[in-house]
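Structural overview
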Amino acid sequence: MKRITRMLALLCALAGRSLTAQEPPNAPVTASGWDQPAMTLAMQVAAILGPGQASFSLRNNSSLSSADLPAIRRLFEQDLKMHGVTVGGQDSANAIHLTLSEDTRERLWVAEIAEGNETRVTMVKLPLGDTPLSSSATGIVLHRQSIYQSNTAVIAALALTNDLVLAEPGRIVALHRTAQGWRQTGAAPIGELRVSSRDARAVLLSSPDGHGFDAWLPGVVCNGSLSPSDETAWEIHCRQADDPWPITGGPVKPALATNPAGNGQDVASADARFKAFYNASRDYFTGIVTPSPGPDLPAFYAGVNVPLAGSQTGLLIEGLDGRIQLVSNNMLASVQGTRDWGSDFTVVHTGCGSGIQVIASSSGNTNNDSLRAYELVGLQMTPSGSTLAVEGSVTALSTAQDGTAALVIVRTQQNRYEVERVTASCN
């Protein structure tokens, strides 16, 4: 969906509202494989030092090339700022001294934090073989595969093993793949939605065993399950509800993720999703999210869960002003490198580069959109490959059930709707 269309439709909602965020450093961040250790160490330093200013020095006692140091420095400084620590001059009362070292088995990054006469130390370890991949090795090629076409508008899609669930303007429909093509095996009307918006949308999620699904539409919640007497037939039930919608983005890996509530407990990945309240009459999420990610959030059009360093999960959102922001560790910060993004993006576990990429649509005003993969490095989105042309406008983008591909809904110039599976290969 075009960002400009939504911005015009919701201009009145922006009046008088102040959207604030911490801005990252102006220097762009080079694509690097050092983002995870830099982020982890910055978190540890910030936990010791607390918000404030500190001088920073970097010493390399390892086999790393001097060409790696500027990227490591920028990543570390950027992650520090995300956690409330800004790098100041040498006259700062606090100081951070980072030493990069190694032995025969592993790399060791040691941070010495000096506060007055007290010095504390924290560190991260990583295997000696963990080195950034070159840009040519992390290049990603996206591929499209059309799996369904329709003359009826498709709002959202969920592809199961041999079934396809579609949200249409007036119903939920389930299809089963046969040798002759798709055959309808279940449907449920959702009636007239209590409120409608310019851009209708929905969220479809499969049950953990893959034999059921749940759907969220404006003012309506549906669930479906396979019939006990016919493994290809679906029983679908819908009810009116104002339940919060789950914010998707693909399975959080590893299987256990840190609870977003910040209580230190590990929870199953299916429960690690944030949920947000959707304002159907305005076509945006209100900014009320459960469990609370920490800071107060502005209203936003779209959001996805993004796995971060270790077992942490962040929340990537697009505000009403089109700005992409990252919510993590009780902080809200702007993400750079997203100027050309449209209003649809999701997370895919491709296995390329860092293993996890964000797939985003373009925001051009031409008849044909495009898709591109990005790596989140600190607070910078770096393109991971060339764009993939789409023959029409992207109206919805979600993560496939297995998390390794994206499902894209395209409205063609002939006003038909296509459901496409987009996969990635490493270059």
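To be clear, the structure that these remarks concern was listed above.
About the criteria used
Residues numbered from 1 in each chain as written. Predicted model: local features only at pLDDT ≥ 70, side-chain atom pairs only at ≥ 80, totals over all residues. Heavy atoms only, no water. Buried < 20%, exposed > 50% of the residue type's maximum accessible area, 1.4 Å probe, protein only. Helix = DSSP H or I, 4+ residues; strand = E, 2+ residues; numbered from the N terminus. Pairing = 2+ DSSP bridges. Expected span 1.5 Å × (residues − 1). Salt bridge = Lys/Arg side-chain N within 4 Å of Asp/Glu carboxyl O. Disulfide = S-S within 2.5 Å.

1. A word on the pairing of strand 26 (residues 370–377)
Remark: a regular strand shows side chains that alternate across the two faces of the sheet. By the criterion of burial, strand 26 is predominantly enclosed, with seven of the eight residues buried. With four bridges joining them, strand 25 (residues 356–362) and strand 26 adopt antiparallel strand pairing. Looking across to strand 26, one finds that Ile-359 is bridged to Ala-373. Bridging between strand 26 and strand 27 (residues 380–383) involves four bridges; their strand directions are antiparallel. Within the sheet, the bridge partner assigned to Tyr-374 lies in strand 27 and is Pro-383. Remark: two residues form the turn of the hairpin made by strand 26 and strand 27, two consecutive strands paired antiparallel; Gly-378 in that turn has positive phi of roughly 65°.

2. Quick notes on helix 4 (residues 69–82)
In this model, helix 4 (14 residues) spans 20 Å end to end at C-alpha, consistent with the 20 Å of a helix rising 1.5 Å per residue. Among all positions in helix 4, only Leu-69, Ala-71, Ile-72, Leu-75, Phe-76, Gln-78, Asp-79, Leu-80 and Met-82 are buried. Looking at the residues trailing helix 4, positive phi occurs at Gly-84, about 95°.

3. Looking at the pattern of salt bridges
Applying the stated criterion to the full structure yields eleven salt bridges. Between Glu-168 and Arg-171 there is a salt bridge whose closest N-O contact spans 2.8 Å. Its relative accessible area of 4% is what places Glu-168 among the buried residues. Connected through shared salt-bridge partners, Glu-115, Glu-118 and Arg-120 make up one network.

4. Considerations on the state of the cysteines
All chains considered together, the criterion is met by two disulfides. The connectivity of the disulfide-linked cysteines in the chain, indexed sequentially, is 1-2, 3-4.

5. Observations concerning the pairing of strand 1 (residues 52–60)
Two elements, strand 1 and strand 2 (residues 85–87), share three bridges in a ladder whose sense is parallel. Residue pairing across strands places Gln-53 opposite Thr-86, the latter belonging to strand 2. Two elements, strand 1 and strand 3 (residues 94–102), share six bridges in a ladder whose sense is parallel. Residue Leu-58 lies in a different strand from strand 3, and its bridge partner there is Leu-98.

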